[in-house]
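# Inside the fold
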Amino acid sequence: MEIDCIFCKIASGAMGVPPVYEDEEVFAFGDIAPVAPVHILIVPKRHIQSAHELTETDAALLGKMFSAARKIAGETGIDETGYRLATNIGPDGGQSVPHLHLHLIGGRKLKWEH
């Protein structure tokens, strides 16, 4: 765990944030500033700065994150109409927390905004 990483603290249970999904390697929780009726963040429990840091050795972890997204989408009912998975990389990419995370967004018609 990175000492100053808020997502590491959340994933470890230190912040008391209730999980939407959790397994040995992945923790998912509601976004504090949702942009849609369903907006869940899916993070690895191990600190990884961003998707840019991923290597071939992280393939299984990434698969678990996508599998968690599929399960959560089914549990929230957005699997029927569709949803978006997104990750931001670096400040210019919109990454505000330097810990890899997938945004699972759905529950309404989504558009690309500029």
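Above this text sits the structure in question.
First, a word on scope: everything that follows refers to the structure included in this document. The model shown is predicted, which means the values in this text are computed figures rather than measured ones.

Rules and cut-offs
- Sequence order as written defines the numbering, with residues in each chain counted from 1.
- With pLDDT at 70 or above as the cut-off, local features in this predicted model cover only qualifying residues; side-chain atom pairs require 80 or more to be listed or tallied, and sums for whole chains, interfaces and linings still use all residues.
- Excluding hydrogens and water, the side-chain values take into account all heavy atoms of the structure.
- Any two cysteine sulfur atoms within 2.5 Å of one another count as a disulfide.
- Remark: exposure states derive from per-residue accessible area (1.4 Å probe, protein chains only) relative to the maximum for the residue type, with buried under 20%, exposed over 50%, and partly exposed in between.
- Helix and strand assignments follow DSSP, with helices taken as H or I runs no shorter than four residues and strands as E runs no shorter than two, numbered in order from the N terminus.
- Polar contact is the term for a pair of N or O atoms within 3.5 Å; when the atoms are in protein, one must be able to donate a hydrogen and the other to accept it, and sequence-neighboring residues count only if both atoms are side-chain atoms.
- Among the buried residues, those of types Ala, Val, Leu, Ile, Met, Phe, Trp, Tyr and Cys that are joined through side-chain atoms within 4.5 Å form a nonpolar core.
- Here a residue-residue contact requires only that any non-hydrogen atoms of the pair lie within 4.5 Å.
- Here is the rule: rings of Phe, Tyr and Trp (six-membered ring for Trp) pair when centre to centre is within 6.5 Å. Planes less than 30 degrees apart are stacked, more than 60 are edge-to-face, and the remainder are tilted.

The tally for this structure, following the rule as stated, stands at zero disulfides. Note on Cys 5: no disulfide assigned, nearest cysteine sulfur contributed by Cys 8 at a separation of 3.6 Å. The exposure class of Cys 5 is buried, given its relative accessible area of 7%. Overall, the relative accessible area of 2% leaves Cys 8 in the buried class.

Turning our attention to the side chain of His 103. Mapped onto the elements, His 103 comes out in strand E5 (residues 102-106). A distance of 3.5 Å separates a polar atom in the side chain of His 103 from a polar atom in the side chain of His 101.

This part is about the nonpolar core. The biggest cluster of nonpolar side chains holds 17 residues, and the ones touching the most others in it are Val 26, Ile 40, Ile 42, Met 65 and Ile 72. Only strand E2 (26-30), strand E3 (38-44), helix H2 (59-76) and E5 provide two or more residues apiece to this core. For this core, the element with the highest residue contribution is H2, accounting for six residues. Setting aside its immediate chain neighbours within four residues, Ile 40 contacts Val 20, Ala 28, Phe 29, Gly 30, Asp 31, Ile 72, Leu 102, His 103 and Leu 104. Grouped together as the second largest cluster of nonpolar side chains are 10 residues, Cys 5, Cys 8, Leu 41 and Val 97 included.

What follows deals with the packing of aromatic side chains. The full count for this structure, using the stated rule, is two aromatic pairs. On the numbers, 5.5 Å between centres and 75° between planes, the contact of Phe 7 with Phe 29 is edge-to-face. Here the residue Phe 7 occupies a position in helix H1 (residues 6-12), and Phe 29 occupies one in strand E2, the gap between them amounting to 22 residues. Ring centres of Phe 27 and Phe 29 lie 6.0 Å apart, and the angle between their planes is 45°; on these two criteria the pair is classed as tilted. In this pair, the class of Phe 27 matches that of Phe 29, namely buried.

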